[in-house]
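Observations on chain architecture
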Amino acid sequence: MTTPLPQLAAQLRAGLDPLLPVLAGLPDDTTRRQRLAQALGLPDGALTPDALLVRFALPDAASHGDVWPVLVELLRTAVAQSPPTWQLVIQDVLTLGPGPVPTPTITTLPPTLGLSFDLTGALTLVPGLAVRDGIRLVLSLPSATPDDCSLTFRADGIGLALTGDALLGLLVPGGLALQGSLGVRLDKNGMRLEGGAAGKGVAIPLNKAPSVLRAPALYVSARDGGLRLDASFGASLLGLGNATVDGVGLDISLSGGGFTATPVAPTGFGLTLDVGPAKGGGFLAVHDGRYEGALSLSLGVVEVRAFGILDTRPVSVLVVLSALFTPPIELGLAVTLNAVGGLLGIGRTLDQAGLAQAVQAGHVDDLLFPADPAAAAPRILTTLGAVFPVRPGSTVVGPMFRIGWGRPVSFVTADIGVVLELPSGVVGIIGRLRVALPAPQVPVLDLRASVAGVVDAANGLIEIIADLAGSRLLTASVEGGLALRVKSGQDATFILSAGGFHPRFTPPAGFPTPKRLTIAIANSPLLRVVFSGYFAVTPGTVQAGAELSAVIGSRSTGVTGRLSFDALVRWEPSFGVQLDLGGSFELRFASRTLCSVGLRVHVDGPTPCWHVAGRASVSLLFFDVSFPFDERWDCTGETALPPPPDVCRLLEQALDDPRSWDPVLPDGTRTMVSLRADDEADGRLLHPLGRLRFSQRTVPLGIEVARYGPGRLPQPTTFGVAVTFAGGAGTAQPVEEDFARADFFDLTDDEKLTQPAFEQLCSGSELTPPAPAVTPPRYSVPVEYETKWLGGPVSIPKPPWRISDAAFTAALPFGAVGRSLVHALAGRYVAPPITTPDKPVLKDRSYAIVQAGTLKDAGFPRKSTFTEATAQLGTVSGRSALHQVVPAYEVRP
């Protein structure tokens, strides 16, 4: 147990007072040395440096972080291994060293006694740590008031020397060597340290350091029964840049009754470069086996940024690289490539919850292309570690792009990152969109949307979350978020929320609830108007709500008002509606309400009945009036189901609709005129050689359907329409249109996600009239010319003559018909020559029935649509579970 300082002072005076008068008369030096040791209270009566250190070291050091007990033990070990020159001085009484005990100059202690103990010369505590100029310990003992005593400890020339490290050799030729002095004073006011204490330990004021260092510092702290010395400094790196080193030092620990020293690598390393066009900097930090680093380097037209995390327990690596182009790379149509990048993580995974939190916290910038990587590096590394945590055996990899649009600067920028997690196959999508109009520097509209999504095909999960943090319209801030989850399988679900949910709805566990969509229409000290709202869709509900609040003046003196509604429409277990309406108006002065009006209405129904309840209240000065109401009606407890859809009637209406019928021109012909039906005629004109087409989109024909939109048919039905000419003449070919399969067939949620959403199915027929039975006759007309003379004397007519075929052919282009406009444009209406069509590059899509385990062809005819192949699979009795329908290109040989 340590001795309090006033008690130590009293013990020393009590032991020296009776000894001094008789010290000179003792028979020999050994006896005098032993009696003096007993008077000083030294252990075992030995007057040695080790005993003096134990006696005069700081008595209550254990209450100061255990630094001094370890330091005293280091000094004792060093003194025992190499005894130094020492001296004990009792001021104005005697001076004692390793030699004989001298005779005291006086036999009575002075009123104020000063006692000092000095160790001179160099003391090597451990390799790399030494005390160059000795240690001095001074105890001041006033006789009248022992409480005013003080103890001063000073170690001059504490030196830290680290050599042999390659990195330190580059920065500090010859190794790191720092030297300083440590002083401590203990009195009734407590302990005071020269240099004070910092988060890294006790600061040792330095008085000697290599000239190449900038701002060197040295700290000592207690750690696990030993000491830790940490140094930090700045230096030049080969003239190419400046480096900052933090945490390099020495770890001193107990080992086999002694102390061992272990050099410690830097825990932080910063670097700045300025070599020609290359300018930038970065840092590397180490903490508990984890290395984190960041680098930003400008190479003229390209700025490179990098962030990295290396964990050693267990081993994992995460690296994010990006390159920004200045000016951007032109892609055409005012589209530019502003930046590219990539992400690689070995032993890392994608945390969906961490990704959603990063979006809602507005930290998606940290994952893509941060604006200020140097200032935000600690936060960026923290976000990266949270979104991509350690998972042995997992790998994440993906590219990143920044696309811009606009001139002369990109007022629309989109950052896109796609991350693939292996071997799970989960795909993460990270995006950020900014629309700044008219310019990013002074935007009137500044829309910033952060988006993150996860596609987990193995579990049938698609999840997207978006946030509008930081968006503004003029001076009004725009906030809010959106979240989407689509899940197939046994726990299938669909949830879409923009701005949140109805107050009475509990969202599923783990679903990230987005922020309310909020627009601050006015935001000033005297006027504040805020609009907020939400919209959500779940498998059994549709939800919507909005609120408009206004404050004129302040809430203590002014006018406040609010209007709001919340609506919830449910489908399961039965149809129902919940509607909440609210409004209030309040006039306040000096925090007192002068007038207020409020209204709350709740509507619920129709099961088990319609229910309306609420309260209206009016408050004016000294009286309040409220009007509660609660009414119910139509309490049948049942809700009639809607009748099944009448598809036949709808199909008949499509037959009567003129828009379902279209005349088709003959192939390879062009008309010189447009045909228009007579206003009084009923119908549309048909080309004599053309075809007639009937097509509708009400229901697919010729295939069994089980539902029509949201309603189910009483039983699966096949619909068909027969269209022919009178007497059955002509030929008919089927016509196809796109139909949504989920509107006509019973599909599970998994099938809706994996099977084709739309398919070309039969929608009608195209009729071709029969060929004419008789070939029309041909007529030949002789060509005769009559000659007339225009002007001049009339000559005697010559006998008629016949023009030759060659002369007639040569004269045709110069006749009235040959020079007419109709003849000049005749080529427009000539049928194009028949040529052999080029072979198709892509094959028509087809589907095949294969064996479920091997994907080998099961021997059934291939179909052009998935629906036809599925119908064919249904005819395979007893074996349908062993087969499946796949696109033809997936069939294995």
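A brief report on the enclosed structure follows. (Residues numbered from 1 in each chain as written. Predicted model: local features only at pLDDT ≥ 70, side-chain atom pairs only at ≥ 80, totals over all residues. Heavy atoms only, no water.)

**Regarding the overall build of the chain**
Looking only at helices and strands, the chain features 12 helices and 47 strands. Out of the 893 residues in the chain, the part that is buried amounts to 37%. The contacts in the chain between residues at least 6 apart in sequence include a share of 52% that link residues at least 24 apart. Counting every atom, the chain has about 50400 Å² of accessible surface; 61% of that belongs to carbon and sulfur. (Helix = DSSP H or I, 4+ residues; strand = E, 2+ residues; numbered from the N terminus. Buried < 20%, exposed > 50% of the residue type's maximum accessible area, 1.4 Å probe, protein only. Contact = heavy atoms within 4.5 Å. Areas by Shrake-Rupley, 256 points an atom, 1.4 Å probe, with all protein chains shown as cover.)

**Notes on the sheet that holds strand β44 (residues 731-740)**
The antiparallel open sheet is built from 4 strands, whose spatial order is β40-β41-β45-β44. Because the sheet does not close on itself, it has two edges, and the strands there are β40 (661-664) and β44. The mean angle between the axes of side-by-side strands here comes to 30°, regardless of whether they run parallel or antiparallel. Alignment of β40 against strand β41 (residues 691-695), held across 4 bridges, turns out to be antiparallel. Directly across from Asp662, in β41, lies its bridge partner Arg693. (Pairing = 2+ DSSP bridges. Axes fitted to C-alpha atoms, helices over the stretch in contact; angles between N-to-C directions.)

**Brief notes about helix α2 (residues 29-40)**
The end-to-end C-alpha distance of α2 is 16 Å, a good match for the 16 Å that 12 residues give at a rise of 1.5 Å each. Three or more residues of α2 are buried, namely Arg32, Arg33, Leu36, Ala37, Ala39 and Leu40. Down the axis of α2, the sector holding all buried residues measures 160°, keeping them to one side. Where α2 is buried, its residues touch α1 (5-23), α3 (49-56), β1 (85-90), β2 (94-96) and β3 (112-120). Positioned one or two residues after α2, Gly41 has a phi angle of 75°, which is positive. (Expected span 1.5 Å × (residues − 1). Arc of directions from axis to C-beta.)

**A look at the pattern of salt bridges**
Counted by the stated rule, this structure contains 21 salt bridges. The shortest N-O distance in the salt bridge between Arg32 and Asp29 comes to 4.0 Å. Placement of both Arg32 and Asp29 in helix α2 is noted, with a separation of 3 residues, approximately one turn of the helix. Residue Arg32 is classed as buried on the basis of its relative accessible area, which comes to 17%. (Salt bridge = Lys/Arg side-chain N within 4 Å of Asp/Glu carboxyl O.)

**Details of the nonpolar core**
Buried together is how nonpolar side chains tend to be arranged in soluble globular proteins. In terms of nonpolar packing, the biggest core is built from 80 residues, with Leu40, Leu47, Leu139, Leu176, Phe233 and Ile252 touching the most fellow members. For this core, the leading source of residues is α1, giving 8 residues. In contact with Phe233, not counting residues within four places along its chain, are Leu168, Leu171, Val172, Leu176, Leu213, Arg214, Ala215, Pro216, Ala243, Thr244, Val245 and Val248. Formed by 37 residues, the second largest nonpolar core is a distinct cluster that contains Ala339, Leu355, Val359 and Ile380. (Core = buried A, V, L, I, M, F, W, Y, C linked by side-chain atoms within 4.5 Å.)

**As for the side chain of Arg33**
Along the chain, the position of Arg33 falls in helix α2. For the buried Arg33, no salt bridge exists, and the shortest N-O distance to an oppositely charged side chain is 4.1 Å, to Asp29. In this structure, Arg33 is in contact with Leu47, Trp86, Leu96, Gly97, Pro98, Gly99, Pro100 and Val101, ignoring residues within four places of it in sequence. (Lys, Arg positive; Asp, Glu negative; His and termini not counted.)

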